[in-house]
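Architecture and fold: a report
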Amino acid sequence: SFRLELEVTQLLRKWMHVAMSNKILDQLHNKYFSIETCPLGLAGKNCDQNCDRKHGLSDRGRTCVCQSAKWTGNDCSIEVKENPNLYPVWEIAICYLFFGINTLTCILCAVWIYWKRFNRKVKVLQPFFLNLVLLGCVISSSSIVALLQQSDGDGPVLACSVFPWLFCVGFSVTFGTMFAKIRRMFKLFKASAQAVRIEITRKETLILICIITSVDVIICTIWTAFDPLQWTRVVTSADQFGEPLESEGYCTSIHWEAFVWTIAVWHMVLLFRACHLCYQSWHISNQYLESRSLILAMV
């Protein structure tokens, strides 16, 4: 890589010739260039420390070096456990806390409705349907509990297939009840404006709620029967030998996106129709029915 002076070059050649002639070249190599390593299974400056034969080797500095990230420690004998990325305990605790607060609030509201059941305003609000709204809130919020279920392996996690049912049925019961009430209120005042007498019974309103809920039930039934959500664990990090170091688990299915979009479109149709009824009913006087409060809750 660089040029030496002619005299230096000649001296080096002469030295090499003498070394080879006297058979001391190997001794010079061993003295200045060779590296003494520890025997297999040993490490340390004096080769007096253990180094796991299966997972580590002593390097030039006589330090035990692990052959894979799966093993660690001074002697490469400690196995690194796979990180399953489970929910931390504090997150689970917070979710259960909010679920408990929501459930307790619904129970207290139900108790208050029963206590005030003979009040004129409460009668107008129809306690039966108010309790349906509370029931739907409890059912939908319980989907949080289903989402918290997990496994550090490949499952199974039965909560995966339960989650869509809790969310959809809870939403349809809550939203369907409010939708049926705003529709009932709109039809009554529309008939009153036209001087036409009509009667919308509790049974008719309940049938509408059942129809709305049945759509979600049908979608969830098809989803559960043909492509149920199942717990799946995917390796996100592995060593050079394919041993997993880190993984993630979640609920999934082959066509889950199609079912989610179907449910989302159906709920959006209900939402837009409800908003349209709310817009048409905004002028209704608040002294007879729960028009304004129901409209605000719907929005």
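Note: the structure precedes this text.
These numbers were taken from a predicted model, which means no experiment stands behind them.

A few words on the packing of aromatic side chains. In total, this model carries five aromatic pairs according to the counting rule given. Note on phenylalanine 128 and phenylalanine 129: the rings are 5.2 Å apart at their centroids and 80° apart in plane angle, and the pair reads as edge-to-face. Residue phenylalanine 128 is classed as partly exposed on the basis of its relative accessible area, which comes to 33%. Pairing tryptophan 223 with phenylalanine 259 gives two aromatic rings, centres 5.2 Å apart and planes at 5°, and the pair type is stacked. Of this pair, tryptophan 223 sits in helix H8 (residues 202-226) while phenylalanine 259 sits in helix H9 (residues 256-281), placing them 36 residues apart in sequence. We note that tryptophan 223, like phenylalanine 259, is buried.

With that settled, consider unusual backbone geometry. Its identity is not glycine, yet cysteine 47 carries a phi of approximately 55°, on the positive side. Secondary-structure assignment places cysteine 47 in the loop between strand E1 (42-43) and strand E2 (49-50).

Let us now look at the state of the cysteines. Evaluated as defined, the whole model comprises four disulfides. Ordering the disulfide-forming cysteines of the protein chain by sequence position, one finds them joined as 1-2, 3-4, 5-6, 7-8. Cysteine 109 takes part in no disulfide bond, and the closest cysteine sulfur, belonging to cysteine 106, lies 6.4 Å away. Cysteine 109 sits in the partly exposed class, given a relative accessible area of 35%. In this structure cysteine 220 is not part of a disulfide, and its nearest cysteine sulfur, from cysteine 168, lies 3.8 Å away. Relative accessible area serves as the criterion here: at 0%, cysteine 220 is assigned to the buried category.

Quick look at empty space enclosed by the protein now. Counted under the stated rule, the structure contains one cavity of 30 Å³ or more. Roughly 40 Å³ of volume is contained in the largest cavity. Lining the largest cavity, in full, are Ser161, Pro164, Cys220, Trp223, Thr224, Pro228 and Leu229. Elements represented by at least two residues in the lining of the largest cavity include exactly helix H7 (159-193) and H8. Ranked by the residues each element gives to the lining of the largest cavity, the list is headed by H8, at three residues. Considering only residue class, the lining of the largest cavity consists of five nonpolar, two polar and no charged.

Rules used throughout
Residues numbered from 1 in each chain as written. Predicted model: local features only at pLDDT ≥ 70, side-chain atom pairs only at ≥ 80, totals over all residues. Heavy atoms only, no water. Phe/Tyr/Trp six-rings, centres within 6.5 Å; stacked < 30°, edge-to-face > 60°. Buried < 20%, exposed > 50% of the residue type's maximum accessible area, 1.4 Å probe, protein only. Helix = DSSP H or I, 4+ residues; strand = E, 2+ residues; numbered from the N terminus. Disulfide = S-S within 2.5 Å. 1 Å grid on protein atoms, 1.4 Å probe; cavity = no way out; pocket = protein on both sides within 12 Å on 5 of 7 lines; lining within 4 Å. Points joined across faces, edges and corners; volume = space filled by probe spheres on them. Nonpolar A, V, L, I, M, F, W, Y, C, P; charged D, E, K, R; others polar.

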